Structures are given as C-alpha cells and as structure tokens.
Amino acid sequence: MKRTIPTLIGFSAILTWSFLALLSTAAGPIPPFQLAAMTFLLGGSVGAASWIVRPSALKSLRQPWQVWAIGTAGLCIYHCAYFFAIQSAPPVEVSLIAYLWPLLIVVFAAFLPGERLRSHHIAGVMLGLAGAIVVITKGGSVGLADGVKPGHVIALFCAFVWSGYSVLSRRFGQVPTDVVAVYCLITAAVAFTLHLALEITVWPQTMTQWSAIVILGVIPLGAGFYAWDYGCKHGDIMILGALSYAAPLFSVIVLLLAGFGIFHWSVALACVLITVGAVIAAKDMLLKSQKQPLTEEPSRA
C-alpha cells in the first residue's frame, strides 16, 4: 500500500509524455540539439528553483559518479535522439516505435535479482516488435529499403536507452529526486555544445512555437522527469511498466486529433499488438494481486 502513491506519481509522468510528440512537432523546425538545450534548461530550472526555499537539498547532490553517468547519459542520449527522430520520420510512427520502452522495462527488470525472464516476457516483446514492423510498413509488403527512415531506427534505439535508464535507476533508490534537476542542466549544456558544433541556430518564428517549447520544457521534460524518477525509485516499477503501455495509445490519439498524421488501419493494429504484447509480458504483475492471500484481522478478546 505504501507504494501506491509513488506509483501514481510515476504514472502522472506517463500522462505528460503523451504530449511529447505533439509538442516536439508543434515547436517547428528547431534543430534537435538546440531544442534539447532549450527545453532541458527549462526543465532543470524548474527543479533548481525549489532549492531557494529548500537549501538543504543541495547536500543531496553529493553522489557517486555512477549516479551522474547513468542519469545524464539516459536523459541526454534519449532525448537528443528522440528530437532528431521525430523530425526525420512521421511522428505517429516514431511515437509507436519509441514507446516500445514499456515492454523493454519488463524484460530488463526480469534480470534484476530475484526476477527471471519467462516465455511470456519473450512473447510480449515479439508482439511489440511486430507492432513496430506493421507501423513502419503500413501493413503492406513495400520494401523496407523504401519505407524505413533514419528516424525509425533512432526511435528503436531510444526505446532501449530509456528502458535501461529507468531500470538502472531502481538500483539507486536512495538517491533523492533533486539530482534530476542536475541531470537536466548537464544535458542542456551537452546539447548546447553539440548544437554549436553541428547545427545552425533557428529561432521559433511564432508564439505557438515558443509556447510549445516552454510547455515542453516545464511539463513533460521538467515535472514529468521528477515524477518518473520518484515513481521508479519508490513505487512498483513493474506496475509502472504496465501502466506505461497506455502511453503509445494516448500519444497516437493526441497526434491524430491534432492533425499530425493520417489515420491508417495499420496504426490501430500496431497499437493492439504493442498493447497486447505489453499485457502478456506483465502477466505476473497483473495476476499478483489475485494470488495474494487475504490477511485476516486478529480477533479481539
């Protein structure tokens, strides 16, 4: 019961990330590293601003180098790659492929001490991959050489990066969530350096684009990160993995309602395959509550 609130807090991050693809697209043709630098600066500033009224939180920043390596690498690599993918392939397809990470969380978590990879985990992963193939090919036999774009491959890479980061963070459960603000600020600095070296600066041209960037930085890439870190460390990571399977469906619905992408039956089929695969992979977690015996209340004399 003590994990219920942290798990729900972690799920709130999933809800904010359902708008990640839409906001990234609405931000306009901003170079990916520049967009990452801008939004992560905002996300890190949201957390760092709280230190003004919580000066004691600064003491929690003294952590081993492994903590900083995993956190910064996870955030920086994943999101810089994701921003590039979303601008290099249709956003609906990128969203579905990148959101294979819930499946992978279940698989990776099975290798943690006390866990074991089972046949239903493998079956779930295969169904998820089948969903990715369906959305890439649009359910047809068109050659992958004509249909696959760099954004598709990068999106699959993103799924592995984020799932790995999420599971590894569980091993550092005693590390306060305040460190996430520093993850974001370091990522912003790295992204800014890469932007100066590899890209030409393109500023937003409309108020809509500016608004999308601000919302993207403050909510999905700010509050969402803090909520996810807290949920992964203190909640039930397997339940969070199962709840995360709603994210692909929410994300695609948001994109289609906003007019980004055209509905195709392959999108619906991919959603079904990924969702069913996720449920199968998380079978043990879903049945756990039914198998737990009820504890009788001791009689009072």
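Residues numbered from 1 in each chain as written. Predicted model: local features only at pLDDT ≥ 70, side-chain atom pairs only at ≥ 80, totals over all residues. Heavy atoms only, no water.

(A) Summary view of a nonpolar patch on the surface. Taken together, F111, L117, I122, M126, L129, L156 and F160 make up a surface patch of nonpolar side chains, about 640 Å² in accessible area. Looking at the nonpolar patch, the element that brings in the most residues is helix α7 (residues 119-137), giving 3 residues. Note on placement: L156 falls in helix α9 (residues 150-169). Owing to a relative accessible area of 31%, L156 belongs among the partly exposed residues under this scheme. (Patch = residues over 30% accessible without salt bridge, like charges linked within 9 Å, V, L, I, M, F, W, Y side chains within 5 Å. Areas by Shrake-Rupley, 256 points an atom, 1.4 Å probe, with all protein chains shown as cover. Salt bridge = Lys/Arg side-chain N within 4 Å of Asp/Glu carboxyl O. Helix = DSSP H or I, 4+ residues; strand = E, 2+ residues; numbered from the N terminus. Buried < 20%, exposed > 50% of the residue type's maximum accessible area, 1.4 Å probe, protein only.)

(B) The arrangement of the nonpolar core in detail. Counting 84 residues, the largest nonpolar core has Y82, W101, W162, F225 and W228 as its most contacted members. Among the elements that take part in this core, helix α4 (residues 65-86) stands out by supplying 11 residues, more than any other. Those residues in contact with W162, other than ones at most four positions away along the chain, are W17, G74, L75, Y78, H79, W101, F225 and W228. (Core = buried A, V, L, I, M, F, W, Y, C linked by side-chain atoms within 4.5 Å. Contact = heavy atoms within 4.5 Å.)

(C) Helix α10 (residues 179-198), seen in detail. Its 20 residues give α10 an end-to-end C-alpha distance of 28 Å, which sits within 8% of 28 Å, the value for a rise of 1.5 Å per residue. Every buried residue of α10 is accounted for by V179, V180, A181, V182, Y183, C184, T187, A188, A191 and H195. Tucked into the core, α10 has its buried residues touching α3 (32-49), α4, α9 and α11 (207-234). (Expected span 1.5 Å × (residues − 1).)

(D) Molecular detail of the pattern of salt bridges. Within the structure shown, the criterion is met by 2 salt bridges. R54 is the partner of D178 in a salt bridge, and the nearest nitrogen-oxygen pair spans 2.5 Å. Highlighted residues: D178 in the loop between α9 and α10 and R54 in the loop between α3 and α4, separated in sequence by 124 residues. Taking relative accessible area as the criterion, D178 reaches 16% and is therefore assigned buried. When its relative accessible area of 33% is taken as the criterion, R54 is described as partly exposed. We note a salt bridge from D229 to K233, for which the minimum N-O separation is 3.2 Å. On the criterion of helical spacing, the pair formed by D229 and K233 is a turn pair, its members being 4 residues apart in helix α11. For D229, a relative accessible area of 3% gives the class buried. Since its relative accessible area comes to 9%, K233 is described here as buried.

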